[in-house]
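Descriptive structure summary
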Amino acid sequence: MSEVTFHNTLTRQREPIEPTKGKLVGMYCCGPTVYAQAHIGNFRTFLSQDVMRRTLQVAGYKVLHVRNLTDVDDKTIKRAFEEGKALREVTEHWTRVFHADCERFNMLSPQIEPKATDHIQEQINMIVALLEKDHAYATEDGSVYFRVSSFDGYGKLSRLKERELTTTAADASPNDSDEYERDSMADFVMWKSRKENDGDVFWDSPWGEGRPGWHLECSAMAMKYLGNNLDIHSGGEDLVFPHHENEIAQSECSCSDHTQFFKYWIHCAHLLVEGGKMSKSLNNFYSVDDIEAKGFTPVALRYALTSSAYRQTINFTMDSLHAAQSALVRLKKFSDETLSAAGLKRAALLKAIDKGKHSKDSWGPLAKAWQTLSNDLNIAGALGAIFTTIKETKTTELSAEAAQELAIAYHKLVYALGYDLTQVVIEKPKVEAPEEIKALAQQRWDAKQAKDWAKADEFRNELTSKGWKILDSKDGFEIELL
Ligand code: AMP
Ligand code: ZN
């Protein structure tokens, strides 16, 4: 197992990942709110998490990846109301869209994908435990709030106490919205009593009808599925406060011994589009569909979204997609060359890497690229090192052994970065066919028109053996080099 380090928001340090139990890394990622198609900003975060998981796997760790689906909150309920549909119908539709998008991006599926609405009882149980220990209180309307002043550790993730607070626990009124940006220590809601706007979205609880607050679902589901492997917790930078701060408070206070709720907190910086915040009104709010409609593949978008440091804000531009496309062509050509020199097939090799078969194999000339990648996911640096190796290597001059080593090491990096190279099209240079080939192709076309299929096949085979390929259309044909 080789070392992988990440920047931990909790300690503000870069730290090697050391799982609490053996080689298994528990990794909880806050998932999408399924009320609309995820935008490319959301995918910057999800793709960075995918590279984190893949990098850990290539290093020899086993990863238990949990990513939740937020299928009940203020936004999902509002959407269902606007569309006059049941909440479930709306969230199931957007979940299917999300899964299809993940597949287009070649993302690994989490082993567990729990939904908030399937874990209402677990959330209620957590509130009960917190009430018993006086970390929470119920209000007259049947809501329950977390008592922030009861937890000394409140603010340790976002360093709230070191910042200028606009309000403190003593003077802030309790906050009942799912999302808020105020630097305040206001008590936050864990159970929201039923309101008129909630329609038929409510559950029974010891405090009456209502629904859980947004922060609670991740605490309850992370504890349920990763209670023994509280290693990595991750999300976009907007989640540091209040979402993750509140998750820590609820979870640590609900355990009898205040067990640390996750060791490593990893946050991905936001994405800007053409220098500004994405917004529907500025018409720069893109989904993967919008980018595909402009003629770019999901793999090119994946490249553009992940090729700079995940902790730096990136400015997404259409130019970055053009650059991504040409970089991917170079990566694919080198993949083809190394595979052919080593006598290996891409799909089989990637499958073996996915199963952890090559985690102990050496990195050879790609050692620097791997070191760079595994050091807090410096993808830009790793790509730089990969392109240097590509420039300096003549695959045709390698011994069989060196070709194998290089092909395996190179595809371990391709796997870690998650590029689906089958989406990359290498345009063949247009070459004028010699007269002899043109004549053969014409004879084949004539045989086909006369429905003499056997003869047409013969001509096609002859053309193939000479290295040419025929592309038929309705009214004629084109000749291309194989
Ligand atoms: P949501 O569906 O709003 O719950 O967000 C899903 C994930 O996307 C969370 O981890 C967010 O922090 C992250 N996120 C939201 N907006 C952006 C953005 N502009 N850039 C990067 N990540 C984002
Ligand atoms: Zn969460």
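Residues numbered from 1 in each chain as written. Chains lettered and ligands numbered in written order. Predicted model: local features only at pLDDT ≥ 70, side-chain atom pairs only at ≥ 80, totals over all residues. Heavy atoms only, no water.

All right, on to the domain arrangement of the protein then. Per the domain assignment, the segments making up the protein are domain 1 (5–268), domain 2 (272–423) and domain 3 (435–481). On a C-alpha basis, the centres of domain 1 and domain 2 stand 31 Å from each other. Counting every contact that joins domain 1 to domain 2 gives four salt bridges. Between D376 and R14 there is a salt bridge, with the nearest N and O atoms lying 3.6 Å from each other. Across the domain 1-domain 2 interface, the total number found is 19 residue pairs in polar contact (both at pLDDT 80 or more). Sorting the residues of the side of domain 1 that touches domain 2 by element identifies strand 1 (5–8), helix 1 (40–58), helix 3 (87–104) and strand 10 (264–268) as the ones contributing at least two each. Per-element tally for the side of domain 1 that touches domain 2: the top contributor is helix 1, with 13 residues. Class assignment for the residues of the side of domain 1 that touches domain 2 results in 14 nonpolar, eleven polar and six charged. (Domains from an automatic or database assignment. Salt bridge = Lys/Arg side-chain N within 4 Å of Asp/Glu carboxyl O. Polar contact = N/O pair within 3.5 Å; in protein donor to acceptor, adjacent residues only side chain to side chain. Helix = DSSP H or I, 4+ residues; strand = E, 2+ residues; numbered from the N terminus. Nonpolar A, V, L, I, M, F, W, Y, C, P; charged D, E, K, R; others polar.)

Surveying the vicinity of ligand 1 reveals 15 residues, the closest of which are T33, G41, T45, G236 and D238. At 2.7 Å, a side-chain N or O of T45 approaches a nitrogen atom of ligand 1. In this structure, L271 approaches ligand 1 through a main-chain N or O atom, which is 3.0 Å from a nitrogen atom. The protein chains hide 88% of the 490 Å² of surface that ligand 1 would expose on its own. Looking at the shell around ligand 1, the elements that each hand over two or more residues are helix 1 and strand 9 (232–236). (Near = heavy atom within 4 Å. Areas by Shrake-Rupley, 256 points an atom, 1.4 Å probe, with all protein chains shown as cover.)

Turning our attention to the pattern of salt bridges. Tallying each qualifying case throughout the model produces 27 salt bridges. Put simply, K469 and E480 hold a salt bridge, and the shortest N to O gap is 3.7 Å. Residue K469 is found in strand 13 (residues 468–472), and its partner E480 is found in strand 14 (residues 477–481); the two are separated by eleven residues along the sequence. Relative accessible area serves as the criterion here: at 29%, K469 is assigned to the partly exposed category. (Buried < 20%, exposed > 50% of the residue type's maximum accessible area, 1.4 Å probe, protein only.)

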